[in-house]
Amino acid sequence: MKHQFSTFCVALTCVLVLFVACGTTPGEPATASLRLSPSVREHTTASGWDVVLDEAVIVLGAMYIYPPPGERMAHLGAYLGPSVAHAHGGFDPFGTVPVRLEWLGPASLDLLAGDVTTLGEMDGSVGPSMAATIAFEPLAGELAEPSGPGHGHHAWVAGTATRTVMGETETLEFEGGLDIGTGGTENLIEAIPSPATVGARGVWELRVDVAGWLDQARFERLAGDGTRVIAPGTQPAIAWNLGLRDPTRFVLAYTPAAGE
């Protein structure tokens, strides 16, 4: 028994020596509240459509905020194995990139809510941040139902679009859902700018530029009577998919808590 204990101590000492030799030091734990600011409801597209949104929803699976490239972060669990719990200094789902902070869903976000809403807490470690990644997950339960907040899609929009051409005014209603593939890395929106110095406590505020989603949509190309459906393969659906995947359409700003 004594021999086994000595062997364990030697092994643990070697791990700690390796840890120090690599130049990493444990970061202080950090928490941050993730809050959502409402998006703009009205805007004019590049082709002159005046859009008024009645619904705009996105269903997120997770958000990861990363330190600058080369930033060394402590992760003792990586050396001692997965059975060791760790509250900060974690890695992304692929186990390759250190994470400054993480928020885990899934959650449905009403982008047109009148007030700032709190989405939950982010956990991680103190230090600089550089960029964020949003991840989508397969929909399940209420989120997969047509009666759910996103109507069974990862993103949903509905509203009216009006345009005047050569004195003729056209107004149409539209609605539609967007499904994000969840195989490989196609479920990720990466390189979302998020430069900050993360303290022990603070707030991350997220605003989604829904106007940017639909800026290139040509609503006149939607066929049908009554409410026009943004169906897969239509020009507005393709433009929406490209707009949603633009990382600059997600704006993140960090505010440290008082005294940080």
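Just so it is clear, the structure is predicted and the values come from calculations on it, not from any experiment.

Student: Before we go on, may I ask you to explain the overall build of the protein in this structure?
Tutor: In terms of regular secondary structure, the protein is built from four helices and twelve strands. Burial analysis of the protein (260 residues in total) assigns 42% to the buried set. Within the protein, residue pairs in contact and separated by at least 24 positions form 79% of the contacts whose partners lie at least 6 positions apart. Accessible surface computed for the protein: about 13,200 Å², of which carbon and sulfur atoms make up 57%.

Student: Just checking my understanding: could you explain the pattern of salt bridges for this structure?
Tutor: Close approach of charged atoms allows side chains with opposite charge to pair. The tally for this structure, following the rule as stated, stands at five salt bridges. In this structure, aspartate 209 engages arginine 249 in a salt bridge whose closest nitrogen and oxygen atoms are separated by 2.9 Å. Of the two residues, aspartate 209 is situated in the loop between strand 10 (201-208) and helix 3 (210-213) and arginine 249 in the loop between helix 4 (235-244) and strand 12 (250-256); the sequence distance between them amounts to 40 residues. Of the residues examined, aspartate 209 reaches a relative accessible area of 19% and is grouped as buried. For arginine 249, a relative accessible area of 23% corresponds to the partly exposed category. By sharing partners, the salt bridges in this structure join Arg163, Arg218 and Glu220 into a single network.

Student: Which parts of the structure should I look at to understand the environment of leucine 222?
Tutor: Among the structural elements, leucine 222 can be located in the loop between helix 3 and strand 11 (228-229). The buried category is assigned to leucine 222, whose relative accessible area is 3%. Separated by 13 residues in sequence, leucine 222 and glutamine 235 have C-alpha atoms that sit 8.0 Å apart.

Student: Just to check I follow, could you spell out the packing of aromatic side chains for this structure?
Tutor: Given two aromatic rings, their pairing is described by the distance between the two centres and the angle made by the two planes. Taken as a whole and assessed by the stated rule, the structure comprises four aromatic pairs. Each ring, one from tryptophan 49 and one from phenylalanine 219, has its centre 6.0 Å from the other, and the planes form 70°; the classification is edge-to-face. Separated by 170 residues along the polypeptide, tryptophan 49 in the loop between strand 2 (42-44) and strand 3 (50-66) and phenylalanine 219 in the loop between helix 3 and strand 11 bring together distant segments of the chain. For the pair tryptophan 49 and phenylalanine 219, a shared accessibility class is recorded, and that class is buried. For the pair tryptophan 213 and tryptophan 240, a centre-to-centre distance of 6.3 Å together with 40° between the ring planes defines the contact as tilted. Of this pair, tryptophan 213 sits in helix 3 while tryptophan 240 is found in helix 4, placing the two residues 27 residues apart along the sequence. The pair formed by tryptophan 213 and tryptophan 240 is uniform in burial state, with each residue classed as buried. Among the aromatic residues, those joined into a ring-pair cluster are Trp49, Phe174 and Phe219.

How each quantity is defined
- Residues numbered from 1 in each chain as written.
- Predicted model: local features only at pLDDT ≥ 70, side-chain atom pairs only at ≥ 80, totals over all residues.
- Heavy atoms only, no water.
- Helix = DSSP H or I, 4+ residues; strand = E, 2+ residues; numbered from the N terminus.
- Buried < 20%, exposed > 50% of the residue type's maximum accessible area, 1.4 Å probe, protein only.
- Contact = heavy atoms within 4.5 Å.
- Areas by Shrake-Rupley, 256 points an atom, 1.4 Å probe, with all protein chains shown as cover.
- Salt bridge = Lys/Arg side-chain N within 4 Å of Asp/Glu carboxyl O.
- Phe/Tyr/Trp six-rings, centres within 6.5 Å; stacked < 30°, edge-to-face > 60°.

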